[in-house]
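# Examining the three-dimensional arrangement
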Amino acid sequence: MTHAVSTSTSTTSTTDATSATDVVTFAELGLPEPVVAALARNSITVPSPIQAKALPDAIAGKNVLGRAQTGSGKTLAFGLPILARLALHTDRPAAKRPRALVLVPTRELAFQVVESLAPYAGAQGLTVRAAVGGTPFNKQVEQLRRGVDVLVATPGRLADHLRQGTCVLDSIEITALDEADQMADMGFLPEVRAVLSDTPSDGQRMLFSATLDREVQSLVRQFLPDHVEHSTQDGKASVRTMDHYMLNVDRGQKDIVLSEIGAREGRTIMFARTKLGCDGITDRLRALGIAAESLHGGKAQNQRTRVLERFKNGRTPVLVATDVAARGIHVDGIDLVVHVDPPADHKDYLHRAGRTARAGEKGTVVAIVLPNQRRQMQRLIGMAGVKANSVNVSPGSTELSTITGAQKPTGEPLRAESSAPRDRSRSGGYQGDRPRSGGYQGDRPRTGGYQGDRPRTGGYQGDRPRTGGYQGDRPRTGGYQGDRPRTGGYQGDSRRESGSVREETKSGGFRSRTDHRSYDGFDGPARNR
């Protein structure tokens with residue numbers, strides 16, 4: 001196969017594309033008619049600036065380096081050219097050998113890329129599939145065996161497929177890296193380099209990133225030596241429709257201020273530093289009648305998917321998240337971002353802020369700042385290239401209401417988040433995000449409790465556990481002892497923020513061990529958030 005890769009030296013396009021988008025159509029940019037028609041059905045008729053700049057070169061097969069803010073249309077800027085070129089094939093992709101690869105840092109982003117590209121792939125008879133952690137490996141193996149045109153993968157799960165021989169990259173014609181700066185921040189670059197080295201050297205490569213720091217530039221030098229660069233921003237927060245505020249509060253008033261912000265009209269996302277912090281904020285908001293849910297790496301993937309879906313469809317207006325969400329959530333209509341805790345660095349500030357003011361919409365970003373945090377926040381905001389107004393606010397103040405739309409919550413408690421719609425499991429039943437005492441209840445609790453497939457004397461006896469109660473699949477001395485775990489008994493209630501899982505021991509019962517990789521929500525050496 002041949003690939004039309006640019007042999008010229010790197011060039012940069014920085015001209016404002018606003019005027020171009022007034023007259024240029026997707027058809028004029030070179031997209032096939034079925035894709036143009038599918039875009040029109042989704043009310044997408046005018047290319048965004050990064051699309052208008054990058055599409056012609058990407059369709060022509062050139063290596064493309066794109067710099068643009070989140071929400072600027074990067075997914076279609078690299079995704080549509082991939083589909084346009086693959087549509088030229090008249091045969092199906094071979095088993096285990098996808099023809100195009102899109103690497104992304106998080107599971108949520110992978111699913112959203114698939115969702116974004118699926119209508120346009122379907123219009124041309126192409127398939128787009130995800131390969132990410134937290135989802136059934138064997139299902140992905142079967143999809144790859146049937147043949148996949150575009151594989152959207154996280155580095156860790158793709159490495160698993162490569163090691164086991166269930167995916168081979170020697171037929172990759174086009175590779176795209178989305179959110180390359182985030183992959184660098186999360187420590188994925190060794191895996192990314194290994195993957196790119198496994199793809200054909202004459203294939204087309206595209207890299208899109210909000211910033212181009214030293215690590216991303218090293219990727220560009222190694223794998224995109226001849227490329228065309230298209231940029232629509234300077235790497236900092238240049239969204240003109242985004243307003244930034246530092247809301248200075250007294251320590252004793254922070255929770256009340258948060259509850260009034262949470263009771264506002266509209267879709268709000270709040271960011272906390274830790275998983276435990278997310279759960280605590282969510283519980284306090286729900287206790288005051290605010291429909292909030294938390295999203296962090298301590299949740300199973302199916303739980304995270306359901307929480308995000310309820311946030312998207314408006315059933316849950318307030319999402320409380322760690323920075324896992326800042327690095328993967330692309331939801332339109334978020335008009336307020338709240339930094340409950342200061343971000344780790346200025347990059348995290350920008351990633352969080354990028355959840356609002358998407359696709360030209362207006363948005364507001366506020367940081368709740370305690371007296372001892374003011375200097376830190378001022379430094380982070382300055383490094384992010386942001387101008388933020390510093391305003392003193394208090395519960396019920398006019399300033400708070402004017403900036404955020406805050407209002408008094410109803411005060412009528414909602415069920416704890418763990419009592420929200422449950423993901424039932426065939427093996428052990430769903431116990432909520434924070435396991436309670438009482439053991440397995442099954443899908444259809446019966447009088448006398450769960451007796452197992454072959455009832456035995458001394459089984460679980462319902463709400464009042466007896467000695468010799470439910471011992472798990474292999475009963476041992478020292479099983480479940482009721483609400484007050486004993487030595488050797490079930491210790492699950494002591495799980496902490498770091499994300500522990502239970503490990504069976506020979507001495508009976510369970511003990512807790514820390515396993516960040518199982519709960520961090522990523523597929524590699526990510527930070528535990």
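Above: the structure in question.
Residue indices begin from 1 for each chain and proceed along its sequence in written order. Totals for whole chains, interfaces and linings use every residue, but because this is a predicted model, local features are given only for residues with pLDDT of at least 70 and side-chain atom pairs only at 80 or more, for both listing and counting. Hydrogens are left out, water is left out, and the side-chain values use all remaining heavy atoms of the structure.

### Describing the overall build of the protein chain
Inclusion rule: Working definition: helices are DSSP H or I runs of at least four residues, strands are E runs of at least two. Numbering for both runs from the N terminus. Type-normalised accessible area, obtained with a 1.4 Å probe on protein chains alone, sets the label of each residue: buried when under 20%, exposed when over 50%, and partly exposed for intermediate values. In what follows, residue pairs with any heavy atoms lying within 4.5 Å of each other are defined as contacts. All accessible-area figures derive from a Shrake-Rupley calculation using a 1.4 Å probe, and residue coverage is judged against the displayed protein chains alone.
Per the secondary structure count, the protein chain includes 18 helices and 17 strands. Counting over 529 residues, the protein chain shows a buried share of 53%. Here the contacts in the protein chain between residues at least 6 apart in sequence split such that 73% fall between residues at least 24 apart. Here the protein chain displays about 24,000 Å² of accessible surface, and carbon together with sulfur accounts for 47% of that area.

### Comments concerning the sheet that holds strand S9 (residues 242–248)
Adjacent strands of a sheet form backbone hydrogen bonds with each other and so pair up, either parallel or antiparallel. Applied cut-off: The rule for pairing is simple: two strands pair if DSSP sees at least two bridges between them. Angles here are taken between N-to-C directions and fall from 0 to 180 degrees, while the axes themselves are lines fitted to C-alpha atoms, restricted in helices to the stretch in contact.
In space, the 7 strands of this open sheet follow the order S11-S12-S10-S13-S14-S9-S15, with parallel pairing throughout. The two strands at the open ends of the sheet, each matched to only one other strand, are strand S11 (292–295) and strand S15 (388–392). In this sheet, neighbouring strand axes are inclined to one another by 20 degrees on average, regardless of whether the strands run parallel or antiparallel. As judged from the 4 bridges shared by S11 and strand S12 (residues 318–321), these two strands associate in the parallel manner.

### Observations concerning the nonpolar core
Put simply, the rule is: Joining through side-chain atoms within 4.5 Å is the link that ties buried Ala, Val, Leu, Ile, Met, Phe, Trp, Tyr and Cys residues into a set, and such a set is a nonpolar core.
Counting 41 residues, the largest nonpolar core has Leu 31, Ile 82, Val 102, Val 150, Val 152 and Met 206 as its most contacted members. Element by element, the count of residues in this core is highest for helix H4 (residues 74–86), at 8 residues. Ignoring sequence-local partners within four residues, the contact set of Ile 82 consists of Ala 100, Val 102, Val 150, Ile 174, Ala 176 and Met 206.

### With respect to the packing of aromatic side chains
Inclusion rule: Ring pairs are drawn from Phe, Tyr and Trp, using the six-membered ring of Trp, whenever the two centres fall within 6.5 Å, and their geometry is named by plane angle: stacked under 30 degrees, edge-to-face over 60, tilted for the rest. By the criterion adopted, a ring carries a charge over it if an Arg CZ or a Lys NZ lies within 6 Å of its centre and within 35 degrees of its normal.
Evaluation of the coordinates by the stated rule reveals 1 aromatic pair. Judged by centre distance (5.6 Å) and plane angle (50 degrees), the rings of Phe 78 and Phe 208 are tilted. Separated by 130 residues along the polypeptide, Phe 78 in helix H4 and Phe 208 in strand S7 (residues 204–209) bring together distant segments of the chain. For the pair shown, Phe 78 and Phe 208 are each scored as buried. For Arg 267, the ring lying beneath its charged end belongs to Phe 311, and the centroid distance is 5.8 Å.

### Focus on the pairing of strand S3 (residues 100–103)
A two-sided burial pattern is seen for S3, the buried positions comprising Ala 100 and Val 102 on one face and Leu 101 and Leu 103 on the other. Judged from the 4 bridges that link them, S3 and strand S5 (residues 150–153) form a sheet pairing that is parallel. Residue pairing across strands places Val 102 opposite Val 152, the latter belonging to S5. In this structure, S3 lies alongside strand S6 (residues 174–177), joined through 4 bridges in parallel fashion. Looking across to S6, one finds that Val 102 is bridged to Ala 176.

### Section: the pattern of salt bridges
Put simply, the rule reads: Any Lys or Arg side-chain nitrogen found within 4 Å of a carboxyl oxygen on Asp or Glu counts as a salt bridge.
Enumeration according to the criterion identifies 18 salt bridges in this entry. Its salt-bridge partner being Glu 108, residue Arg 304 comes within 2.9 Å of it at the nearest N-O pair. Taken together, the positions of Arg 304 in helix H13 (residues 301–312) and Glu 108 in helix H5 (residues 107–122) put the pair 196 residues apart, joining distant regions of the chain. The salt bridge involving Asp 160 is made with Arg 163; its shortest N-O contact spans 2.3 Å. Of this pair, Asp 160 and Arg 163 both sit in helix H7 (residues 155–164), 3 residues apart, which is roughly one turn of that helix. A residue is classified by how much of its surface remains accessible, and Asp 160, at 23% relative accessible area, is partly exposed. On the accessibility criterion, Arg 163 (63% relative accessible area) is exposed.

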